[in-house]
Amino acid sequence: MNYHRLYFVNWQRQVTVEEQNGRLVVVKRNKPSKEFHEFVIAYTYSLISMLLAHPSRPSGLDEIMRNEGSEMRSVLHTMGIPTPELISIDETTLVEEYKAGGDLYAALSKGGAAHLARLAGQLTAKLHGAGYAFIDNKAQNFLVDDDSVVRTDLGFTQKNSSSYARSMDLGSFLASVMDLDSYASIADSFYDGYREESGRRFTMLSIIIRNLLSIGFSSNSALTLRNMLIDTRAMLDV
Ligand SMILES: Nc1ncnc2c1ncn2[C@@H]1O[C@H](COP(=O)(O)OP(=O)(O)OP(=O)(O)O)[C@@H](O)[C@H]1O
Ligand SMILES: [Mg+2]
C-alpha cells in the first residue's frame, strides 16, 4: 500500500487519500480516542434531545461501524441516495472510492455552488420519506461528484422517522453552513430541494437545533450571528 499524502485529519478518524491497485481511495482509520469522541457525540445528542423534551437514543458503537457497511449503502441506493463505492471494511478501517470533487462545505465556501445544496436537500428528503435520518447531516458529509452529490459518513444513520430525528438532519445541515457569507442562498436552496421532494416545510425545532449546533460548528462567529438573525418564517411549518 502506498501512503500518498495526508489529506484530512480530524478529531474522530484519520482520513487519508491513498493509492491502492492503481486507483485513489479514501482510508478512514479510527483513532484510539474514537470511542471517547463517539461517546461525546452520543451524549450531546441525548442531552439536546432531553433539553428539547424529545428523548432519543443515538446509535451505539457497533451500530456506527455497521452503518458504514454495504448493507446500509444498498438500503440508501434503493432510496436513490448514492454513496461512494465501499472497497473494504473491518472494525477499525474503512476503504472507499475517492471522490475528487471534495466535500460540499468546501464547494459552498468557494461560492457559486448553491444548486448543490438543493441536491443535498433532495437527498435528505428521500431519506426521511423512507423513514430514516442521518442525525449528523453536516455539509462536510456530502461529497461533490461532478455536478451531483453523494453521501458519506453514514455512522449515525438510523431508522427513525420522529420529528426530532428529522429536525436534527435539517438543523445540522444548516448549522454547518452558518459561517458562510452566502448562507442565505444556500439555506434557501437546501430548503427548496427538501420541500420539492418531501412536500414538507422545516420545523421550528430544526431552527432551534441549528442555533444550538452552530455555536460548536462555526469558524466565524460574526457571520454565524448575522445569519442567525435572518428571518426563517417563510421556511417554517407554523
Ligand atoms: N470518499 C471520499 N472522497 C473524497 N473525500 C472524502 C471522502 N470521504 C471523506 N472525505 C473527506 O474527509 C472528510 C471527513 O470524512 P468523514 O466525514 O467520513 O470522517 P469523520 O471522521 O466521520 O468526520 P466527522 O466526524 O468530522 O464528520 C469529509 O468531510 C471529506 O472532506
Ligand atoms: Mg464527517
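About the cut-offs
Counting from 1, residues in each chain are numbered in the order their sequence is written. Note on labels: chains are lettered from A, ligands numbered from 1, in written order. Residues qualify for local features only when their pLDDT is at least 70, as the model is predicted, and side-chain atom pairs are given and counted only at 80 or more; totals for whole chains, interfaces and linings, by contrast, use all residues. Numbering of helices and strands runs from the N terminus, with a helix taken as a DSSP run of H or I at least four residues long and a strand as a DSSP run of E at least two residues long. To sort residues by burial, count the other C-beta atoms lying within 10 Å of each one's C-beta; a count of 20 or more means buried, 12 or fewer means exposed, and anything in between means partly exposed. C-beta atoms are built from the backbone. Remark: residues whose backbone-derived C-beta atoms lie within 7 Å of one another are considered to be in contact. For helices, the fitted line uses only the C-alpha atoms of the stretch in contact; every axis is such a line through C-alpha atoms, and the angle between N-to-C directions lies from 0 to 180 degrees. Throughout, the term roughly parallel applies to angles under 35 degrees, roughly antiparallel to angles over 145, roughly perpendicular to angles from 65 to 115, and oblique to all others. Left-handed is the label given to a crossing in which the near helix is rotated counterclockwise from the far helix by less than a right angle, and right-handed is the label when the rotation is clockwise. Polar here means any residue outside two lists: the nonpolar Ala, Val, Leu, Ile, Met, Phe, Trp, Tyr, Cys and Pro, and the charged Asp, Glu, Lys and Arg; Gly therefore counts as polar. Every residue is assigned a pLDDT by the predictor, reflecting its confidence on a scale from 0 to 100. Any two strands between which DSSP finds at least two bridges are classified as paired. Multiply 1.5 Å by the residue count of a helix minus one, and that product is the helix's expected span.

Caption draft 1: Just the overall build of the chain, in detail. Secondary structure summary: the chain contains 9 helices and 9 strands in total. Counting only residues that meet the buried cut, the chain has 38% of its 238 residues in that class. Here the analysis covers contacts within the chain between residues at least 6 apart in sequence; of these, 69% occur between residues at least 24 apart.

Caption draft 2: Molecular detail of the packing of helix α6 (residues 163-176) against helix α8 (residues 204-217). Orientation of α6 relative to α8, taken along the N-to-C sense of each, is 45°, at an axis distance of 7 Å. With respect to α8, the axis of α6 lies oblique. Of the two elements, α6 crosses α8, and the hand of that crossing is right-handed. From α6, S163, Y164, S167, M168, L170, G171, S172, L174, A175 and S176 reach across to α8, where they touch L205, S206, I209, R210, L213, S214 and F217. Residues belonging to the contact of α6 with α8 are distributed by class as follows: 9 nonpolar, 7 polar and 1 charged.

Caption draft 3: Spatial organisation of the confidence of the model for the chain. Overall, the predicted model of the chain reaches an average pLDDT of 88, with 88% of residues at or above 70. Contacts for the low-pLDDT stretch residues 1-10, under 50 throughout, to residues beyond four places or in other chains number 16 contacts.

Caption draft 4: Spotlight on the pairing of strand β8 (residues 148-151). Pairing of strand β7 (residues 142-145) with β8 involves 4 bridges; the strand directions are antiparallel. Across the sheet, the residue bridging to F142 is R151, located in β8. Linking β7 to β8, which pair antiparallel, is a turn of 2 residues; within it D146 sits at a positive phi near 55°.

Caption draft 5: Main features of α8. Between its first and last C-alpha atoms α8 spans 20 Å; for 14 residues at 1.5 Å apiece the expected length is 20 Å, and the two agree. Listed in full, the buried residues belonging to α8 are S206, I207, I209, R210, L213 and S214.

Caption draft 6: Region of interest: the environment of L205. When you line up the elements, L205 lands in helix α8. By the C-beta count within 10 Å, which is 19 here, L205 ends up partly exposed. For L205, the residues in contact, after removing those within four places along its chain, are L52, S163, Y164 and S167.

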